[in-house]
Amino acid sequence: MSAHGSQSADERPSLPRGTRLGVDVGDVRVGLARSDLDGMIATPVETLERATAVGRVAQEARESEAHAIMVGLPRSLNGSEGAAAEKARDFATELVASLAGDAWDIEVRLIDERLTTVSAHKALHSSGRKGRKHRQVVDQVAAVMILQQALDTERSTGARAGERVEAEPAEAAIAQEPTQEDA
């Protein structure tokens, strides 16, 4: 502890080194971002069609040996959750189910993403990108912002950001049910 009673950066517990993914869930498209192994910077990966996004995010998590997937949770300014937040929660739950039974535990976490898409549009506009072309990359930029916020929180606190999503009880039982090969 420092003289002021707070932990210095050297005294904070450190998270394991490894890639993290960031996800911005929309009705039509899903933005995907990835961090470096040290969790310092988020970069865009791709924009996915919503219908195939869970499978593609799970594939990217396996290929990059990700330790965590940060899914943006859109809340209103007063903190309440609406239909968009419910869709993000459903996506995160589908993702947990898709990853159940994998060799290692990939955490899926919900990250408060108030105003992220608005900020992404502003950033694209100020960079000179025209409005029509925003749609092609705005979801990726929002995913980068969600992931970067989570990485910054991890570095400052020494703990994972957001709320962990657990498997539904029925899904967890199915994932752990022995197969005939186990018997």
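In the block above lies the structure referred to throughout.
Residues numbered from 1 in each chain as written. Predicted model: local features only at pLDDT ≥ 70, side-chain atom pairs only at ≥ 80, totals over all residues. Heavy atoms only, no water.

K.L.:
Mind showing me how you'd approach the pattern of salt bridges here?
P.N.:
Close approach of charged atoms lets side chains of opposite charge pair. In this structure the tally under the stated criterion is 18 salt bridges. In this structure, the salt-bridge partner of D139 is R29, at a minimum N-O distance of 3.0 Å. Here D139 is found in helix 4 (residues 131-157), whereas its partner R29 is found in strand 2 (residues 29-35), with 110 residues between them in sequence. (Salt bridge = Lys/Arg side-chain N within 4 Å of Asp/Glu carboxyl O. Helix = DSSP H or I, 4+ residues; strand = E, 2+ residues; numbered from the N terminus.)

K.L.:
So what exactly am I meant to see when it comes to the nonpolar core here?
P.N.:
Soluble globular proteins tend to bury their nonpolar side chains together. Among the nonpolar cores identified, the biggest contains 26 residues, and V23, V57, I69, V71, F91, L95 and V108 are the most heavily contacted of them. Broken down by secondary-structure element, the contributors of at least two residues to this core are strand 1 (20-25), strand 2, helix 1 (50-63), strand 4 (68-73), helix 2 (83-99) and strand 5 (107-112). Setting aside residues no more than four positions away along its own chain, V108 makes contact with I69, V71, A92, L95, V96, L99, E163, R164 and V165. The next biggest cluster of nonpolar side chains, apart from the first, holds 12 residues, and it includes A68, M70, A143 and A161. (Core = buried A, V, L, I, M, F, W, Y, C linked by side-chain atoms within 4.5 Å. Buried < 20%, exposed > 50% of the residue type's maximum accessible area, 1.4 Å probe, protein only. Contact = heavy atoms within 4.5 Å.)

K.L.:
Just checking my understanding: could you explain the pairing of strand 1 for this structure?
P.N.:
Look at any regular strand and the pattern is simple: side chains alternate between the two faces of the sheet. Among the 6 residues that make up strand 1, 6 are buried, leaving the element largely enclosed by the rest of the structure. Residues of strand 1 alternate between two faces, with R20, G22 and D24 on one and L21, V23 and V25 on the opposite face, all of them buried. As paired strands, strand 1 and strand 4 are joined by 4 bridges and run parallel to one another. Bridging from a neighbouring strand, G22 pairs with M70 of strand 4. Pairing of strand 1 with strand 2 involves 5 bridges; the strand directions are antiparallel. Among the inter-strand pairings, V25 is bridged to a residue of strand 2, identified as V30. (Pairing = 2+ DSSP bridges.)

K.L.:
Where do I start with the environment of I146 in this structure?
P.N.:
Within the secondary structure, I146 is located in helix 4. According to the relative accessible area criterion, I146 is buried, its value standing at 0%. Between the C-alpha atoms of I146 and E113, which are 33 residues apart in sequence, the distance is 6.3 Å.

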